[in-house]
Amino acid sequence: MGRVILHCDLNNFYASVECLYRPELRNKPVAVCGESELRHGIVLAKKQIAKSYGIQTGEVIWQALKKCPNLVILKPNFPLYIRFSKLAQRIYSEYTDLIEPFGIDECWLDVTQSTGILGSGRKIAYEIKERIKSELGLTVSVGVSFNKVFAKLGSDYKKPDAVTVITKENFKQIVWPLPAKDLLYVGSATEKKLSSRAIYTIGDIAKSSPEYLKRILGKWGEVLWIFANGLDTTPVIPPLFEDNIKGIGNSITLPRDLTSYEDAEYVIRMLSESVAQRLRQQCLKCFTIQVWIRDNSLFAITRQEKLQTPTFLAREIAQKAFEIFKKNWSFKSNIRSLGVRGLDLVCANSFYQLEFDSLKKFKLEQLEKTIDRIRKRFGHTSVLPAVLLTKPDLPCEIALHNKIHPVAFFK
Amino acid sequence: MRKIFVEVYAHFSKEGEITPISFVWLDGKTYEIDKIIEKRPAASLKVGGQGIRYKILVRSKMLYLFCDENRWFVELG
């Protein structure tokens, strides 16, 4: 028996949840946007009606308003979206325990073993679709196929509130005529490279030779050929079996541009506090520090350096990150976003070479752990480095800005 | 259709099951729930919201009572 994979994609998720709680907005063009005062002012999700005006996700608010002056703009309510995401996953879990989330509103389900009891993949898909509608008041598009890539294509194929079944028999008719960019991992740069060689559809990718694609796109060329021919065998992996964490990082788009090293040091310190705290929570230390900088023209660079010994100390992370920053940024343009990340993670209790000042470091670790306990009891801002109180126009804590990003397809 | 938030008196079983017993209506009077006909998770598309929906009988009148994240409301036609 072949695999039966479902990909469930909640339609216009954020906007649909908002409209569920505000029925008066149901027939109006609605978009959920980031907060423009904090310069996160882009469209995060939009309703079908807003889409008909040409509004796109990722667009800046003023551009969206130009296309549709009556657009109703709502602020995001992430706790509510997370609640609905969990409720949807609870429904999925009644059909299989092999559920792999792909972001907040998408999941793959491997229902191969359930088909004997609950019926075909198509039947399960329709049942899930109806339950999501009646129990959550949302619509979902479900793709049913024999692999994850085609299941995802199926859920994108017909929207909203639809089920698309892609089988080994019909995939050439359904999948191959689709544009190449619809295939997972074909971004705009890859699409350009492909179209310059007259490869326009998924079928064109499938009919090219893997060696030729490899020459154009490197190893990804071969992967895309496998995807296009329906040969993907990637398993559905529940988060419980996920690989170890590769890195812990935080980044922020700031309410105003950073114009000086003093500004940058402030933000790096703030980000490092969060990264260090999260490392300690996971009982991990990092060997490498990475800094990500994006200027006001959206040009971005990433630079990293290794540490002598692994650390979860905020002050050490901040010191190294600022060192990297100074080496790589000369303020020819001002900074819009900044990020700090800890990589090469090791268990916090593993052994490593002692330093001359190990005792001092041990004391500092105890101190920062104590700060964690105080923050857990009295809130993050109950203890802050004094420097983080010097710039009232910049945020002094990052925890509130943590967002959920889609996870990687390859684990 | 209107969404009326109400104060509910409920029974919490040892197993964690919640059974509403009565609620305080707009007129300030407490009304007993005569019968719970159905209980299931549902969305209220008419007045907006989502939670556990109780189809209840109060003085021969059928109502939908929702428990949405610990807030209770009635769909009023």
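Residues numbered from 1 in each chain as written. Chains lettered and ligands numbered in written order. Predicted model: local features only at pLDDT ≥ 70, side-chain atom pairs only at ≥ 80, totals over all residues. Heavy atoms only, no water.

## Section: the overall build of chain A
Selection criterion: Secondary structure counts use DSSP, requiring at least four H or I residues in a row for a helix and at least two E residues in a row for a strand, with both numbered from the N terminus. For the radius of gyration, the atoms used are the C-alpha atoms, and the globule rule reads 2.2 Å times the number of residues raised to 0.38. Remark: exposure states derive from per-residue accessible area (1.4 Å probe, protein chains only) relative to the maximum for the residue type, with buried under 20%, exposed over 50%, and partly exposed in between. Should any heavy atoms of two residues lie within 4.5 Å, those residues are counted as being in contact. Calculation of accessible area relied on Shrake-Rupley with a 1.4 Å probe; when residues are assessed, cover is drawn exclusively from the protein chains displayed. Neither His nor the chain ends contribute to the count of charged residues, in which Lys and Arg are positive and Asp and Glu negative. The location of each charge is read from NZ of Lys, CZ of Arg, CG of Asp or CD of Glu.
If you tally the helices and strands in chain A, you get 15 helices and 12 strands. Over its C-alpha trace chain A gives a radius of gyration of 24 Å, about what one expects of a compact globule, namely 22 Å for 411 residues. A principal-axis box enclosing the C-alpha atoms of chain A has dimensions of 65 × 50 × 45 Å. For chain A, with 411 residues in total, the buried portion stands at 50%. When contacts within chain A are restricted to residue pairs at least 6 apart in sequence, those whose partners lie at least 24 apart make up 66%. As displayed, chain A offers around 20700 Å² of accessible surface, 55% of which is attributable to carbon and sulfur atoms. Taken as two groups, the 60 positive and 43 negative side-chain charges of chain A have centres that lie 1 Å from each other.

## Considering the pairing of strand 12 (residues 335-347) of chain A
Residues and elements named next belong to chain A. What counts, and what does not: Here the rule is simple: two strands pair whenever DSSP picks up at least two bridges between them.
Note: strand 9 (residues 247-258) against strand 12, eight bridges, orientation antiparallel. Of the residues in strand 12, the one forming a bridge with Ile 248 is Gly 342. For strand 10 (residues 284-295) and strand 12, the ladder comprises 11 bridges, and the chain directions are antiparallel. Looking at the pairing, Leu 284 lines up with Cys 347 of strand 12.

## Observations regarding the packing of aromatic side chains
Residues and elements named next belong to chain A. Filter applied, for reference: The criterion for an aromatic pair is that two Phe, Tyr or Trp rings (for Trp, the six-membered ring) have centres within 6.5 Å, with stacked assigned to planes under 30 degrees apart, edge-to-face to planes over 60 apart and tilted to the rest. Ring-over charges, as used throughout, are those where CZ of Arg or NZ of Lys falls within 6 Å of the ring centre and within 35 degrees of the ring normal.
Considering all chains together, one arrives at 21 aromatic pairs over all chains under this definition. Consider the rings of Tyr 14 and Phe 78, whose centres lie 5.6 Å apart with planes at 90 degrees: the pair is edge-to-face. Taken as a pair, Tyr 14 in helix 1 (residues 13-21) and Phe 78 in helix 4 (residues 78-92) lie far apart in primary sequence, 64 residues in all. For Tyr 14, a relative accessible area of 12% puts it in the buried group. Through successive ring pairs, a cluster of aromatic residues spans Phe 13, Tyr 14, Phe 78 and Tyr 81. Sitting over the face of the ring of Trp 108, Lys 148 holds its NZ or CZ atom 4.7 Å from the ring centroid. One residue, Lys 168, lies across the ring of Phe 146, its end atom 5.4 Å from the ring centre.

## Thoughts on the interface of chain A and chain B
Keep this limit in mind: Buried area is understood as the total, over both parts, of accessible area removed when two parts are fitted together, assessed with a 1.4 Å probe. The rule for a salt bridge is simple: a side-chain nitrogen of Lys or Arg has to be within 4 Å of a carboxyl oxygen of Asp or Glu.
At the junction of the two partners, chain A supplies 11 residues and chain B supplies 15 residues. Its largest share of buried area at the contact with chain B, chain A owes to A:Tyr21, A:Arg83 and A:Glu135, together 47% of the area lost on that side. Linking chain A to chain B there are two salt bridges. Its salt-bridge partner being B:Asp68, residue A:Arg83 comes within 3.1 Å of it at the nearest N-O pair.

## Overview of the sheet that holds strand 7 (residues 61-68) of chain B
Within a beta sheet, neighbouring strands are joined by backbone hydrogen bonds and run either parallel or antiparallel to one another. Counted only if it meets this: Note on geometry: axes are C-alpha line fits, over the in-contact stretch for helices, and angles between N-to-C directions span 0 to 180 degrees.
The five strands lie next to each other as 1-8-7-6-5 (chain B), forming an open sheet whose pairing is antiparallel. Looking at which strands have only one partner, the edges of the open sheet turn out to be strand 1 (2-5) and strand 5 (35-43) of chain B. Sheet twist, expressed as the mean angle between neighbouring strand axes with direction ignored, is 30 degrees. Sheet strands in contact with helix 6 (residues 121-136) of chain A are strand 5 and strand 6 (50-58) of chain B, and its direction is about 115 degrees off that of strand 5 of chain B.

## A word on the confidence of the model for chain B
Any region with low pLDDT has predicted coordinates that should not be read closely. In plain terms, the rule: pLDDT measures the predictor's confidence residue by residue and takes values from 0 up to 100.
Model confidence for chain B is summarised by a mean pLDDT of 94, while 100% of its residues fall at 70 or above. For this predicted complex, the interface confidence score (ipTM) comes to 0.91, while the overall pTM stands at 0.76.

## Structural notes on the pattern of salt bridges
Residue and element names in this part refer to chain A. Scanning the model with the defined rule gives 30 salt bridges over all chains in all. Salt-bridge contacts for Glu 130 lead to Lys 129; the nearest nitrogen and oxygen are separated by 3.2 Å. Judged by its relative accessible area of 7%, Lys 129 falls in the buried class. Note that Arg 375 and Glu 273 form a salt bridge whose closest N and O atoms lie 2.9 Å from each other. Note that Arg 375 is positioned in helix 15 (residues 358-378) and Glu 273 in helix 13 (residues 261-281), a separation of 102 residues in sequence. For Arg 375, a relative accessible area of 5% translates into the label buried.

## Remarks on the sheet that holds strand 12 of chain A
Residue and element names in this part refer to chain A. What the four strands build is an open sheet, ordered 9-12-10-11; its pairing is antiparallel. In this open sheet, the two strands that pair with only one neighbour each are strand 9 and strand 11 (300-311). Pairwise comparison of adjacent strand axes, ignoring direction, gives a mean angle of 15 degrees for this sheet. The strands touched by helix 14 (residues 314-328) are strand 10, strand 11 and strand 12; relative to strand 11, the strand with the most contacts, the crossing angle is about 140 degrees.

## Observations regarding the state of the cysteines
For the record, the criterion: A pair of cysteine sulfur atoms is labelled a disulfide when the two atoms are within 2.5 Å.
Counted according to the given criterion, the structure contains zero disulfides over all chains. A:Cys286 takes part in no disulfide bond, and the closest cysteine sulfur, belonging to A:Cys283, lies 14 Å away.

## What to know about the side chain of A:Lys152
All names here are of chain A. Mapped onto the fold, Lys 152 is located in helix 7 (residues 148-157). Using a relative accessible area of 12% as the deciding quantity, one classes Lys 152 as buried. Leaving out residues up to four positions away in the same chain, Lys 152 has contacts with His 7, Phe 102, Glu 106, Trp 108 and Leu 184.

## What about unusual backbone geometry?
Working note: non-glycine residues mostly have negative phi, and peptide bonds are mostly trans. With an omega of -10 degrees, the peptide bond between A:Lys159 and A:Pro160 qualifies as cis. Following the sequence through the fold, A:Pro160 ends up in the loop between helix 7 and strand 8 (163-165). Phi angles above zero are rare outside glycine, and A:Cys283 is one such case at about 60 degrees. Of note in this structure, B:Glu69 is not a glycine but carries a positive phi near 50 degrees. Taking the relative accessible area as the measure of exposure, B:Glu69 reaches 54% and is therefore exposed.

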